[in-house]
Amino acid sequence: MNIPDLHDPALAQRLQHKIDRKTKPLGALGRLESLAVQLGLVLGTETPRLEQPQVLVCAGDHGLAARGVSAYPSDVTWQMVENFLAGGAAVSVLARQHGLALTVVDCGVRHDFTPRPGLLVRKLGPGTADSSQGAAMTPAQCEQALANGRGVVRDLPGNALLLGEMGIGNTSAASLLLAALTGQPLADCVGAGTGLDEAGVARKLAVLQEVQRRHAGAREPLQALAAFGGFEIATLVGAVLQAAGERRVIVVDGFISSAAALVAQALAPHVTQRCVFSHRSSESGHALMLRHLGSGASALLDLGLRLGEGSGAVLAWPLLQSACAILSEMASFESAGVSDRQDR
Ligand SMILES: O=C(O)c1ccc[n+]([C@@H]2O[C@H](COP(=O)([O-])O)[C@@H](O)[C@H]2O)c1
Ligand SMILES: Cc1cc2nc[nH]c2cc1C
């Protein structure tokens, strides 16, 4: 997949120089400064403007959930989709607070939803198959999910995309993808998800080891994606690839959305240049996953979040807005008549 390298040393230098001339001690805006440079590089300008940002929440059920890998029942997936659409979920509240448009995609939830605004149906079945019995999805379903993600993003306006997901059991799929694509021990990739206790995590790990053994050969990104699922993760992979190709800023939420970015990165290494990782989830494999996503993957927030839905991406959104405002509106030493440091 051909996603071009954004490497533009001249623009990077102009952006850094512009930030260094702002009325502040050199480097004093910390992580906001590298964020501003990144946004400038993604949007190809010294004055990046974020336009018509879109929150995209992909939902899907997981056959593997029947093996008791989550603290909550699968019905929560469709119930939470209803909650997103009714405006009562965390992501709904936060998106409203920040004036962000929210679209929910039924990628394969075990429920028939009444059509309504804000809901797209790209259903690939009533959830994936149980990956402990066979592949979670067929290669054709996997291809279709990627195409769905691409198509959904193609139809959305704006130059910024905030990604989230919902799917009981999907931390299992994300952990299996992390282990398959990085070669890290599964035990380091598996965590409590929605809140399993220690014994629950041990049972989850035993089930996931069984799944891993069954699909030991699935190390190529698309093979692994089809083996472990889920429909919502595969749809997010397509969304990341499309948004990266269109040079949108992509705000990646927690552990599961990052797993989609990891698969997309394995397919097209330059996608992560466009990705802002909103936070470090308290799901135990996320720090490891962020490390494998590269140095640009230093997450903005560390608030003990482990919700998903895109809630962290939306919480981080004002920081992206601030980074742009700093670049465009903040005075320089020259324009404000402020004395620069003495050693210059
Ligand atoms: O995004 C995260 O970091 C995150 C960490 C733990 C759980 N979740 C959410 O919880 C659900 C998956 O957890 P589980 O235990 O059912 O695998 C799914 O709906 C995710 O959105 C999300
Ligand atoms: C209630 C609930 C809300 C969620 N939002 C994302 N994942 C979730 C999992 C549960 C259990």
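Residues numbered from 1 in each chain as written. Chains lettered and ligands numbered in written order. Predicted model: local features only at pLDDT ≥ 70, side-chain atom pairs only at ≥ 80, totals over all residues.

This part takes up the overall build of the chain. Scanning the chain from terminus to terminus reveals 14 helices and six strands. For a compact globule of 344 residues, the expected C-alpha radius of gyration is about 20 Å, and the chain comes in at 20 Å, within 12% of that figure. Taken along its principal axes, the extent of the C-alpha atoms in the chain is 70 × 45 × 40 Å. In the chain, once contacts between residues fewer than 6 apart in sequence are set aside, the share between residues at least 24 apart is 77%. (Helix = DSSP H or I, 4+ residues; strand = E, 2+ residues; numbered from the N terminus. Rg over C-alpha atoms; globule rule 2.2 N^0.38 Å. Contact = placed C-beta atoms within 7 Å.)

The next subject is the packing of helix α1 (residues 9-20) against helix α2 (residues 31-43). Relative orientation of the contacting elements α1 and α2 amounts to 140°, with a least axis distance of 9 Å. Here α1 lies oblique to α2, going by the angle between them. Here α1 and α2 pass one another in a crossing that is right-handed. Judged by residue contacts, L11, A12, L15, Q16 and I19 of α1 engage E33, A36, V37, G40 and L41 from α2. Each residue belonging to the contact of α1 with α2 can be placed in one class, and the counts come to seven nonpolar, two polar and one charged. (Axes fitted to C-alpha atoms, helices over the stretch in contact; angles between N-to-C directions. Parallel < 35°, antiparallel > 145°, perpendicular 65-115°, else oblique. Left-handed = near helix turned anticlockwise from the far one by under 90°. Nonpolar A, V, L, I, M, F, W, Y, C, P; charged D, E, K, R; others polar.)

Among the structural elements, A227 can be located in helix α9 (residues 221-228). The contact partners of A227, leaving out residues within four places of it in the chain, are S131, A135, A136, H215 and A218.

Take the pairing of strand β4 (residues 160-166) next. For β4, the buried fraction is high: seven of the seven residues fall into the buried class. Neither face of β4 is left uncovered, since the one carrying A160, L162, G164 and M166 and the one carrying L161, L163 and E165 both have all their residues buried. Relative to β4, strand β1 (residues 54-60) is paired through six bridges, and the arrangement is parallel. Looking across to β4, one finds that V55 is bridged to L162. Looking at chain direction, β4 and strand β5 (residues 249-252) are connected through four bridges and run parallel. Considered in β5, the bridge of L163 is made with V252. (Buried ≥ 20, exposed ≤ 12 C-beta atoms within 10 Å, placed from the backbone. Pairing = 2+ DSSP bridges.)

Another point: the site of ligand 1. Taken together, 24 residues lie near ligand 1, and S70, G193, G254, S281 and G308 sit nearest. Counting only elements with at least two residues in the shell around ligand 1, the list comes to β4, α6 (170-182) and α11 (255-267). Examining the composition of the shell around ligand 1, we find that three residues originate from one element, α6, more than from any other. Among the residues forming the shell around ligand 1, the class breakdown is seven nonpolar, twelve polar and five charged. (Near = placed C-beta within 6 Å.)

Before going further, it helps to spend a moment on the pairing of strand β2 (residues 101-108). Among the eight residues in β2, six count as buried, and that is most of the element. The pairing of β1 with β2 spans seven bridges and is classified as parallel. Across the sheet, residue V57 finds its bridge partner in β2, namely V104. Inspection of the sheet shows β2 paired to strand β3 (residues 119-121) by three bridges, in the parallel sense. What sits directly across from V104, in β3, is L119.

From the geometry alone we can't say anything about function, so treat these as descriptive.
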